[in-house]
Amino acid sequence: MKRMSRSPKFIAASMALFCSACAPSVAQTRVHLAENGHATMPVIISASADPKVKTDAQTLADYLGKISGAKFDLQPGDGSTGIVVGTVSDFNIPNLGFSADPNDPLQGDQYILKSHDGGLYIIGASPIGAEHGVWDLLSRFGYRQYFPAPEWEVIPHNQNLSISIDDIEKPSFMSRQLAYTYG
């Protein structure tokens, strides 16, 4: 019977892969948005924010209020603290780790959700990316809308909202269009 030997490189690579899968992940900063029905920070937009971003930020403030029972104020700011909603061009945020090109049609939908010591970033490559980030955050808190009518909307109730997150999201498809007409 022939005995098979394993190469030391294969064994070392297998062990490294196993150990990396078992290693604890780096904990992100947990940010508290509402505690006992009181907002702990406002929703922040740039003073020069696109009107679409302002509307989406107000929607976020309204829905966070419906979920938690707190009143979330919408304020202009520099993006250093608060629940920051905007685009990469709205704020100068060092070390964000997100650099999608808003003019590239394949990158405009991208956004980052990132908690930090001063709050939470919801930053899109473009205004549509920021909108997707707002709805993603609400979804993570349990919000659902199945059809555009109040009876098809699920608004959870939780007086304490907190999250620890560092995600960059981008669509898997180049187009969100559901059907093609082919002329």
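Use the structure listed above.
About the criteria used
- In every chain, residue numbers begin from 1 and rise along the written sequence.
- For this predicted model, a pLDDT threshold of at least 70 governs which residues receive local features, and a threshold of 80 or more governs which side-chain atom pairs are given and counted, while totals over whole chains, interfaces and linings are taken from all residues.
- With hydrogens and water set aside, each side-chain value is computed from the structure's full complement of heavy atoms.
- Starting at the N terminus, helices and strands are each numbered in turn, a helix being any DSSP run of H or I of at least four residues and a strand any DSSP run of E of at least two.
- The cut-offs for exposure are 20% and 50% of the maximum accessible area for each residue type, with area from a 1.4 Å probe on protein chains only; residues under the lower value are buried, those over the upper are exposed, and the others partly exposed.
- When checking whether two residues touch, look at their non-hydrogen atoms; a contact exists if any pair is within 4.5 Å.
- In these tables, accessible area is a Shrake-Rupley quantity obtained with a 1.4 Å probe, and a residue counts as shielded only by the protein chains included in the view.
- Angles shown run from 0 to 180 degrees and are taken between the N-to-C directions of axes, each axis being a line fitted to C-alpha atoms and, for helices, limited to the stretch in contact.
- Any angle between 65 and 115 degrees counts as roughly perpendicular, while under 35 counts as roughly parallel, over 145 as roughly antiparallel, and the rest as oblique.
- Amino acids outside the nonpolar list (Ala, Val, Leu, Ile, Met, Phe, Trp, Tyr, Cys, Pro) and the charged list (Asp, Glu, Lys, Arg) are all regarded as polar, and Gly is one of them.
- Multiplying 1.5 Å by the helix residue count minus one yields the expected span of that helix.
- In the analysis that follows, any N or O atom pair within 3.5 Å is treated as a polar contact, provided that within protein one partner can donate a hydrogen and the other can accept it, and provided that, for residues neighboring in sequence, both atoms belong to side chains.
- A pair of strands counts as paired when DSSP detects no fewer than two bridges linking them.

1. Observations concerning the overall build of the protein chain
Scanning the protein chain from N- to C-terminus turns up three helices and 11 strands. Walking the protein chain from its N terminus toward its C terminus, one meets helices and strands in the order α-β-β-β-α-β-β-β-β-α-β-β-β-β. The proportion of buried residues among the 183 residues of the protein chain is 36%. Of the contacts made within the protein chain by residues no fewer than 6 positions apart, 68% connect residues no fewer than 24 positions apart. Of the roughly 11600 Å² that the protein chain leaves accessible, carbon and sulfur atoms contribute 55%.

2. Overview of the packing of helix α2 (residues 51-68) against helix α3 (residues 127-140)
Following both chains from N to C, one finds α2 and α3 inclined at 5°, their axes separated by 9 Å at the closest point. Here α2 lies roughly parallel to α3, going by the angle between them. Contacts between α2 and α3 involve K52, V53, D56, T59, L60, Y63, L64 and I67 from the former and P127, A130, E131, V134, W135, L137 and L138 from the latter. Per-class residue counts for the contact of α2 with α3 are 11 nonpolar, one polar and three charged.

3. Brief notes about α2
Residue pairs three or four apart in sequence face the same way in an α-helix, which turns once every 3.6 residues. Between its terminal C-alpha atoms α2 stretches 26 Å, which fits the 26 Å expected from 18 residues at 1.5 Å a residue. Within the span of α2, buried status applies to V53, D56, A57, T59, L60, A61, Y63, L64, G65, I67 and S68. In this structure D50 caps α2, since a side-chain oxygen of it lies 2.7 Å from the backbone nitrogen of K52. Taken from the residues just after α2, G69 is the one with a positive phi, measuring 80°.

4. Things to note about the pairing of strand β1 (residues 30-35)
Where β1 meets strand β10 (residues 161-164), four bridges bridge the pair, whose relative direction is antiparallel. By the bridge assignment for β10, H32 is matched with S162. Pairing of β1 with strand β2 (residues 38-39), which is carried by two bridges, proceeds in the antiparallel orientation. Bridging across to β2, A34 finds its partner in A39. Here β1 hands over to β2 after two residues, with N36 in that stretch at a positive phi of 50°.

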